[in-house]
Amino acid sequence: MCGRFTLSYKSKELQLELGLPESQLDWQPRYNIAPTQPIASILRAETKKIEFLRWGLVPGWAKDIEIGNRLINARSETIMEKPSFRNAFARRRCLILADGFYEWKKAKMKGAPSQPYYFHLEDKKPFALAGIWEIWHAPDGSELWSIAIITCEANEILKPVHDRMPVIFDKNQMFNWLEDRPQIELVEMMQPYNTEKMKSYMVGKAVNSPFNDTPACIEEKKQSGLLLIKSRSFNAPIV
DNA sequence: CCAGACGTTGTT
DNA sequence: GTCTGG
DNA sequence: CCAGACGTTGTT
DNA sequence: GTCTGG
């Protein structure tokens, strides 16, 4: 799944890297973007304009915004059938701008904390996550624009950590996702990204709290001394 | 017909 | 809103 | 995704 | 344990 990600690029650099039109928008680098927060998205291929939508899709039928708090992901395998997602999939696909994301590996021991890992492209370039968006009309008459990130099976670099991952598009493919295309082509686009072009490493517990949003979240955590000694003695006993 | 779900994740 | 279950 | 709350009454 | 909030 995908429950936290980063966008450490500032708007100017991101525009240059992805060939986006100039915009007045500006933001601080983000190292720990969490559900319910506004996320940078592109809804239309024609304008490539960046807009911020709430992460957590609130379906049109919802009576309450809280329903969106758990709809942060949509499974690519079933997105066409689900009442909450299928209309958005057909008509409201979007890109979510990112340069990395986190996944947690569950501890084998019950109650032990999960270990977070950071995933990014080998060249550290920005990319897009596949998404769908929706407009919800609140009871008070206001509009809420919200988003879900599409997930697929994990590729080989994710598998040791987690069995799901977000659908990733690099800058060469991303705008195809926004075009009107036959459904079969859209389905084929929702595939695990090329493992060879990704990297990952362990990070510390800073990322666990959504209140921590600093470069400390993406700092590499070296394997602990205890684990090093264990693996060394296991693999290469001292003579 | 009306009532109630509609979603993902992980865990048991 | 729309579909499923009773 | 993880962190943190989770409840009522009456009184100060 | 389960739900809400970020």
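Our structure's up above, just so we're on the same page.
The paragraphs below set out a description of the structure included in this document.

Parameters at a glance
- Residues numbered from 1 in each chain as written.
- Chains lettered and ligands numbered in written order.
- Predicted model: local features only at pLDDT ≥ 70, side-chain atom pairs only at ≥ 80, totals over all residues.
- Heavy atoms only, no water.
- Phe/Tyr/Trp six-rings, centres within 6.5 Å; stacked < 30°, edge-to-face > 60°.
- Buried < 20%, exposed > 50% of the residue type's maximum accessible area, 1.4 Å probe, protein only.
- Helix = DSSP H or I, 4+ residues; strand = E, 2+ residues; numbered from the N terminus.
- Arc of directions from axis to C-beta.
- Contact = heavy atoms within 4.5 Å.
- Core = buried A, V, L, I, M, F, W, Y, C linked by side-chain atoms within 4.5 Å.
- Near = heavy atom within 4 Å.
- Polar contact = N/O pair within 3.5 Å; in protein donor to acceptor, adjacent residues only side chain to side chain.
- Nonpolar A, V, L, I, M, F, W, Y, C, P; charged D, E, K, R; others polar.

A few words now on the packing of aromatic side chains. Here the structure, examined in full by the defined rule, presents nine aromatic pairs. A ring pair is formed by Y102 and W104, whose centres lie 6.3 Å apart and whose planes are at 45 degrees; its orientation type is tilted. The exposure class of Y102 is buried, given its relative accessible area of 0%. A centroid spacing of 5.0 Å and a plane angle of 20 degrees characterise the contact between W133 and W145, whose relative ring orientation is stacked. You can see W133 sitting in strand β9 (residues 127-137) and its partner W145 sitting in strand β10 (residues 143-153), a full 12 residues away along the chain.

Here we take up helix α1 (residues 11-18). Along α1, the residues classified as buried are S11, L14, Q15 and L18. Along the long axis of α1, the arc covered by the buried residues comes to 100 degrees, so they all point the same way. Tucked into the core, α1 has its buried residues touching β1 (4-7), β4 (50-55) and β6 (93-98).

Attention shifts here to the nonpolar core. With 60 residues, the main nonpolar core has F5, L95, F101, L129, I132, W177 and M198 as its most contacted residues. Per-element tally for this core: the top contributor is β9, with six residues. Ignoring sequence-local partners within four residues, the contact set of L129 consists of C2, F5, C94, L95, I96, A98, I149, P166, V167 and I168.

The environment of DNA strand E is made up of R4, A34, P35, T36, Q37, E66, N69 and P210. Here, DNA strand E places atoms within 4 Å of the protein, and 25% of those atoms are sugar or phosphate. Residue R4 places a side-chain N or O atom 2.9 Å away from a base nitrogen belonging to DNA strand E. Backbone polar atom of P35 to a base nitrogen of DNA strand E: 3.2 Å apart, as the coordinates give it. Looking at the surface near DNA strand E residue by residue, the classes come out as three nonpolar, three polar and two charged.

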